[in-house]
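What the coordinates show
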Amino acid sequence: MMVALNRKWVIGSTLGLVVLGWLIAVWWSIEPDAIEYAQLRSEPQVTGYATTTAAILITETLLDKPGGFLSNDKLPPSVFMDNMPAFEFGALEQVRDLTLVMRKDLSRSQSQSTADPDLQKAQPKFNIDHRSWVIPSAESQYREGAASLRAYRDRISDPTQPTAQFYARADNLVALLDQVDKRLGSLSQRLSASVGQSRLNTDLAGDSSASSSTLTVSDQIVKTSWWKIDDVFYESRGSCWALLGIMRAVELDFEQVLEKKNATVSLQQIIRELEATQETVWSPMVLNGSGFGIVANHSLVMANYISRANAALIDLKQLLTQG
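Described below are features of the structure shown in this document.

Cut-offs applied
- Residues numbered from 1 in each chain as written.
- Predicted model: local features only at pLDDT ≥ 70, side-chain atom pairs only at ≥ 80, totals over all residues.
- Heavy atoms only, no water.
- Salt bridge = Lys/Arg side-chain N within 4 Å of Asp/Glu carboxyl O.
- Helix = DSSP H or I, 4+ residues; strand = E, 2+ residues; numbered from the N terminus.
- Buried < 20%, exposed > 50% of the residue type's maximum accessible area, 1.4 Å probe, protein only.
- Core = buried A, V, L, I, M, F, W, Y, C linked by side-chain atoms within 4.5 Å.
- 1 Å grid on protein atoms, 1.4 Å probe; cavity = no way out; pocket = protein on both sides within 12 Å on 5 of 7 lines; lining within 4 Å.
- Points joined across faces, edges and corners; volume = space filled by probe spheres on them.
- Nonpolar A, V, L, I, M, F, W, Y, C, P; charged D, E, K, R; others polar.

**Observations regarding the pattern of salt bridges**
Taken as a whole and assessed by the stated rule, the structure comprises 18 salt bridges. Residues Glu93 and Arg96 are paired through a salt bridge, measuring 3.0 Å at the closest nitrogen-oxygen approach. In this pair, Glu93 and Arg96 are both assigned in helix H4 (residues 83-106), 3 residues apart and thus about one turn of the helix distant. Here Glu93 falls in the buried class, since its relative accessible area comes to 14%. Notably, a salt bridge pairs Glu235 with Arg190, separated by 3.1 Å at the nearest N-O pair. Of this pair, Glu235 sits in helix H8 (residues 229-253) while Arg190 sits in helix H7 (residues 170-192), and the two are 45 residues apart along the sequence. The partly exposed category is assigned to Arg190, whose relative accessible area is 30%. The network of salt bridges with shared partners includes Glu93, Arg96, Asp97 and Arg183.

Now the structure itself:
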């Protein structure tokens, strides 16, 4: 009798822990709210404040949301979760791109000028492997990076610190958009490959003298694994979540440049497409139906929004490079 009771207690306790872990995982999987314009503004308006604030807010949100930063956790329930870690990685990639452009272009007046010391400290901090959990942990490095960004923001907001600058020029904005363009293009291709596609090799198109290091096939089937497509979906969702905050910041910091080029509406179209990527996912799982099949394909829907945002971004770059 005692053995039977002990067995029931063990089974009941195990089921209770499983249910508790599942509930915690659901709570920790709730995606953060998008960064709003009000969070990015400063009074008086300081050029570069919004963009730097966007990088800080994205980083701190990833670290301080329910459950904290999950990508490098080694204990349950987060060790069994993959959607939120993929979301975190997508957002982190946007921070990496942004801080790189800030260090190389946005904070420098010309190619021969020196890099800002705070950005020199901040940018490498975000490049640590997001799965690193000890000596140093990813969280500690990202917090140090955010602290250096705060120091940079304080300096550009201080009139007595003329060496700290953020140059809101058309060429600098194009440099940022070039990074975004490549990121969105990659995500769109990986999402579209959920159904498998036969693609022609266009790597060397447009240059008759171009060559590659190894031979490549002229036609190949590209397909994202069924086991990976939900990770790609949530990575794309996280990337677009972060990019939405960055583009809202760009609209504030580059307001005069955009108005002069009559390009404000083009940026607003990018923002609108990115907002669509953050709509609620009502399905309990990411479906991967065939192209025109009876089952939905969430990846193709996401790829559509990203492709439209990327098309608007290319149009914006053209407007900025015109005289």
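**Focus: the nonpolar core**
Ile58 and Met247 are the most contacted members of the largest nonpolar core, which has 77 residues in total. Looking at this core element by element, the count peaks at 14 residues for H8.

**Some thoughts on the layout of surface pockets**
One number sums up the size of the largest pocket: a volume of about 780 Å³. In terms of lining, the largest pocket is formed by 28 residues, of which the most central are Ser29, Asn83, Tyr234, Pro284 and Met285. Of all the secondary-structure elements, those providing two or more residues to the lining of the largest pocket are helix H1 (2-28), H4 and H8. Of the residues forming the lining of the largest pocket, the biggest block, 5 residues, is contributed by H8. Residue classes in the lining of the largest pocket are distributed as 17 nonpolar, 6 polar and 5 charged. Put simply, the second largest pocket is a space of about 260 Å³.

**Overview of empty space enclosed by the protein**
Applying the stated rule across the entire model yields 1 cavity of 30 Å³ or more. In this structure, the largest cavity occupies an estimated 40 Å³ of space. Thr59, Leu62, Leu63, Phe69, Leu92, Val95 and Tyr142 together form the lining of the largest cavity. Looking at the lining of the largest cavity, the elements with two or more residues in it are helix H3 (49-64) and H4. Residue composition of the lining of the largest cavity, by class: 6 nonpolar, 1 polar and no charged.

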